[in-house]
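Overview (structure and organization)
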Amino acid sequence: MVFPISATYRLQLRGASSGFAFTLSDAEDLLDYLDDLGVSHLYLSPILTAVSGSSHGYDVTNPETVSAELGGPDALNRLAAAARARGMGLIVDVVPNHVGVDKPEQNAWWWDLLRHGRDSEYASFFDIDWTLDESGRIILPVLGSDDDAADLTVDGDVLRLGDLAFPIAPGTETGTGPEVHDRQHYRLVGWRNGVVGYRRFFSITSLAGLRQEDRSVFDASHAEVARWVSARIVDGVRIDHPDGLSDPAGYLVWLRELLGPDAWIVVEKILAVDEALEPTLPVAGTTGYDVLREVGGVFIDPSGEPALTELVESAGVDYGAMPQMLTELKIRAATDTLGSELARLRRSIVATANADDPLLPDAVAALLTHIDVYRSDYQGLAAILPTALAKTEAAQPELGPALQVLAAALAGGEEPAARLQQLCGAVTAKSVEDCLFYRDARLVSLNEVGGEPHRFGVGAAEFHQSAVTRARMWPQAMTTLTTHDTKRGEDVRARIGVLSQVPSLWTEFMARWGNQAPAPDKATGHFLWQNIFGVWPVSGEITDSLRERLHGYAEKAIREAALHTTWNDPDTEFEGAVHRWLDTVLDGPVAGALTELVGQLNPHGASDALGQKLLALTVPGIPDVYQGTELWDDSLVDPDNRREVDYATRRAALNDLQHPKIRVVATALRLRRSRPECFLQGDYVPVLASGDASDHIVAFSRGGKVVVAVTRWTVRLNDTGWGNTVLPLPEGSWTDTLTGAMASGPVSAVELFADLPVILLERNDA
């Protein structure tokens, strides 16, 4: 049987060769703890065979087998059986868009393709541009420079260069390495050429795209996943990056047919702020980045926006010019970072329209700046593309003829349309998530996947309406606060978000310490200061681990921002200056000031962290708890958020339930399990407080039997107090499951929040 899903717990699996192991057997050892916590399903990161040593599993090399490094099929079967014995189940992360090709010898499909070229039985599996090379060879940008090909050597039926290995086509192995290379079905070139002979995952050349639009490819790459579901080993799947596929809607129709009506399917669909999920998709919903924005945003104090804008502009940033910066970043991503993909799209357009225009690449790049979603070919988004075409031509009339060529191609064939949409998603990701979000320093807790930093938080009205809509349309969508891809963990975002309540205090801090410990670049400093504040220990203890983590984060952040240094062309002088500055912060007098500030504001950050956690666990949807976040978590972006989790400490905390966060998590999850009628089918009704401080409460009822209320903006609340604020509880007698306190009728906020800044009431007579 399929066990009802009430809540999931995300586990990041990894083999021992990745640094430390967390395998399927380790997951089995956690079942008793997760069952006690209140989780119904373990949500596993990808478990198919990946590149050896993979720390994440998204570089799958064999979609037909469970990873031996993680324990193989026997370990999966044991885990599933042990879970079912407890009435629990498994959800597995599935990666349909791409496979790992960093080590070709480990990917049998890719190896066969390189050995046999167009004659390979897997030639149709990959999205190869066979026309890019005049001899029809696959261009592989894996060399430091083109000249490195001269150092290739022949080793039997393999070509080698250092750690690189490539197959030799039968009958072509005679001669020197360069001579043999010239006879192969592939051509090795320098990566700086910007030429790639296959569709990649964004700009990552080690991940090659699969052609899931081909039914034979779909069947071969999903046979193992289908077996898991049919054998009741897993109850559902999370689909990684469906927008990268040629036809995500068609893919999901096939997937639903394959897995059956009962499988829980959620998709990593990153929605724009004003974008609704396509209602015709046969899925339960998204993986929850939209909910993450809403839940975190409702704690942001809008009154702090002007002062924080002024502060960041004091660093020489014209914050009003951010939209123009995004436009420029999108154009650069399309024409430079993803130039190979743009060139291939152009060739497809020209071939389909039987026409060309010298401004066609410029027209496509400009068009993408007017599309604010990952892709616009879902039925409900049909108006976006023509509107974007109109805006593009209005802004740049000289692009009109090129846009007509594009329109003719879109009308005349599926390939140009699909490639345009695939490029659109990649451009959005590279320009927004991977660059702009590392530049925008106004309030960095807003710079999250699916977020819109220009919208300074989320109002209560918007929050409630989104929840009502989700209860009606997507009641089993995933809700989350932290994922393996979030830029900062939920508790770090909560603490940084408090700065919206104390902009003058933060301004004073920056005025003093930003001058006494000046960063090499003021704008970069403003960005990094907030992140340092977000993870700074309350104790003030500077451990080697913290130092290493902050240095690693700073390096990644400044390279992603690409203002002074980049991954491809690191500016060692600037990076060295940033590292020296960071050591000055860690070792100088500012460390004491940071500890004092954190001590002052951390109680408010903790309050918001508890509030957002309770909301995420009780609003409409299926909540996911990311590994370790049942206690305070100070993680930054990956790989920081994929560190080893101390489960011994968490087991002890669950036993005594004194830690406020694990008490909130366990109590909410257990209530969800005992009240499925409230949380899986129940309605969502806002409960409105009254009184002078009513705006400091966000509250709602679920299914008429549960009431949730959280406090916000507690800095100001400390000054004003609750006063005459009252929460009118629905009819009946209620017990706070977190504290045991009883309540009924209109209750004063002072009484309700006497022990914790959150309440979770259950009706006694229902």
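Bear in mind that the values here come from a model prediction, so they are computed numbers and not experimental data. (Residues numbered from 1 in each chain as written. Predicted model: local features only at pLDDT ≥ 70, side-chain atom pairs only at ≥ 80, totals over all residues. Heavy atoms only, no water.)

Brief notes about the overall build of the protein
Helix and strand content of the protein: 27 helices and 24 strands. In terms of overall size, the protein behaves like a compact globule, its C-alpha atoms giving a radius of gyration of 27 Å where 766 residues would be expected to give roughly 27 Å. With the C-alpha coordinates of the protein rotated into their principal frame, the extents come out at 85 × 60 × 50 Å. Classification of the 766 residues of the protein by burial places 60% in the buried group. Considering only intrachain contacts with a sequence separation of at least 6, the fraction spanning at least 24 residues in the protein is 73%. Averaged over its 64 positive side-chain charges, the protein has a centre that lies 3 Å from the centre of its 107 negative ones. (Helix = DSSP H or I, 4+ residues; strand = E, 2+ residues; numbered from the N terminus. Rg over C-alpha atoms; globule rule 2.2 N^0.38 Å. Buried < 20%, exposed > 50% of the residue type's maximum accessible area, 1.4 Å probe, protein only. Contact = heavy atoms within 4.5 Å. Lys, Arg positive; Asp, Glu negative; His and termini not counted. Charge placed at Lys NZ, Arg CZ, Asp CG, Glu CD.)

So, the sheet that holds strand β24 (residues 758–763)
Sheet architecture is open: six strands sit in the order β19-β20-β21-β24-β22-β23, paired in antiparallel fashion. The two strands at the open ends of the sheet, each matched to only one other strand, are β19 (684–686) and β23 (742–748). Pairwise comparison of adjacent strand axes, ignoring direction, gives a mean angle of 25° for this sheet. As judged from the five bridges shared by strand β21 (residues 706–711) and β24, these two strands associate in the antiparallel manner. When the bridges of β24 are listed, V710 appears paired with V758. Relative to β19, helix α16 (residues 460–473) is tilted by about 165°, and along the sheet it contacts β19 and β20 (697–702). (Pairing = 2+ DSSP bridges. Axes fitted to C-alpha atoms, helices over the stretch in contact; angles between N-to-C directions.)

Here we look at the UniProt feature "domain: Glycosyl hydrolase family 13 catalytic" (unreviewed entry) in the protein
Under the local residue numbering, the UniProt record ascribes the feature "domain: Glycosyl hydrolase family 13 catalytic" (unreviewed entry) to residues 19–658. Between the end C-alpha atoms of residues 19–658 there is a gap of 33 Å, over a span that is 46% helix and 11% strand. (UniProt positions renumbered as here; feature names shortened; annotations may be inferred.)

Description of helix α8 (residues 289–297)
For α8, a buried count of seven out of nine residues is recorded, marking the element as mostly surrounded by other parts of the structure. In this structure, the buried residues of α8 make contact with α16, β17 (478–479), α17 (490–497) and α22 (590–618).

Details of the packing of aromatic side chains
The geometry of an aromatic ring pair is captured by the separation of the ring centres together with the interplanar angle, meaning the angle of the planes. Summed over the entire model, instances satisfying the criterion amount to 19 aromatic pairs. Ring geometry for Y33 and Y647: centres 6.0 Å apart, planes at 65°, overall edge-to-face. Taken as a pair, Y33 in helix α2 (residues 31–37) and Y647 in helix α23 (residues 647–656) lie far apart in primary sequence, 614 residues in all. In this structure Y647 comes out as buried when scored by relative accessible area, which is 9%. Ring geometry for F201 and F202: centres 4.3 Å apart, planes at 25°, overall stacked. Overall, the relative accessible area of 15% leaves F201 in the buried class. In this structure, R215 is placed above the aromatic ring of W254, and the distance from its NZ or CZ to the ring centre is 4.8 Å. Against the face of W713 rests R712, its NZ or CZ located 3.8 Å from the ring centre. (Phe/Tyr/Trp six-rings, centres within 6.5 Å; stacked < 30°, edge-to-face > 60°. Lys NZ or Arg CZ within 6 Å of the ring centre and 35° of its normal.)

What to know about the domain arrangement of the protein
One frequent convention defines the size of an interface as the accessible area lost when the parts assemble. Partitioning the protein into structural domains gives domain 1 (8–97 + 212–268), domain 2 (104–209), domain 3 (291–301 + 451–490 + 606–661) and domain 4 (318–438). Residue-level contacts link 22 residues of domain 1 with 19 residues of domain 3. Across the interface of domain 1 and domain 3, roughly 1,900 Å² is buried in total on both sides, 56% from carbon and sulfur atoms. Joining domain 1 to domain 3, the criterion identifies one salt bridge. With a shortest N-O distance of 3.0 Å, D32 and R651 are connected by a salt bridge. Where domain 1 touches domain 3, the interface holds 17 residue pairs in polar contact (both at pLDDT 80 or more). Only β1 (8–11), α2 and β15 (264–267) provide two or more residues apiece to the side of domain 1 that touches domain 3. (Domains from an automatic or database assignment. Buried area = accessible area lost by both parts, 1.4 Å probe. Salt bridge = Lys/Arg side-chain N within 4 Å of Asp/Glu carboxyl O. Polar contact = N/O pair within 3.5 Å; in protein donor to acceptor, adjacent residues only side chain to side chain.)

Re the side chain of E490
Within the secondary structure, E490 sits in helix α17. In this structure E490 touches L481, T482, Q612, K613, T629 and K661, once residues within four positions along its chain are discounted.

Overview of the sheet that holds β1
In space, the eight strands of this open sheet follow the order β16-β15-β14-β5-β2-β1-β18-β17, with parallel pairing throughout. The two strands at the open ends of the sheet, each matched to only one other strand, are β16 (285–286) and β17. With two bridges connecting them, β15 and β16 associate as parallel partners. Looking at the pairing, V267 lines up with T286 of β16.

Considering the environment of E508
Inspection of the secondary structure assignment puts E508 in helix α18 (residues 503–516). Among the residues examined, E508 registers a relative accessible area of 53% and is labelled exposed.

Concerning the nonpolar core
Core analysis: the largest hydrophobic core is formed by 131 residues, its most contacted members being L11, L24, L37, L42, L44, W228 and L615. Among residues more than four places away in sequence, those in contact with L615 are V295, V298, F299, F463, F700, V708 and V710. (Core = buried A, V, L, I, M, F, W, Y, C linked by side-chain atoms within 4.5 Å.)

Quick look at the pattern of salt bridges
Under the definition given, this model contains 55 salt bridges. Ionic pairing is found between R84 and D235, a salt bridge with its closest N-O pair at 2.6 Å. One end of the pair, R84, is in helix α3 (residues 72–85); the other, D235, is in the loop between α6 (215–230) and β14 (236–239), with 151 residues separating them in the sequence. Residue R84 shares its accessibility class with D235, and that shared class is buried. Among the charged side chains, a network of salt bridges with common partners joins D127, D129, R199, R344, R347, E415 and R419.

Observations concerning unusual backbone geometry
In this chain, D638 is followed by P639 through a cis amide linkage whose omega measures 5°. Relative to the helices and strands, P639 is located in the loop between β18 (622–626) and α23. Despite not being glycine, N354 has its phi angle at roughly 55°, a positive value. Along the polypeptide, N354 turns up in the loop between α11 (339–353) and α12 (360–368). Here the phi dihedral of A562 falls at roughly 55°; this positive angle occurs in a residue that is not glycine. Counting through the fold element by element, A562 comes out in the loop between α20 (544–561) and α21 (572–587).

Examining the environment of V95
Assignment of secondary structure puts V95 in the loop between β5 (89–94) and β6 (98–100). Expressed as a C-alpha distance, the spacing of V95 and H241, which sit 146 residues apart in the sequence, is 7.6 Å. Setting aside residues no more than four positions away along its own chain, V95 makes contact with P46, Y58 and D240.

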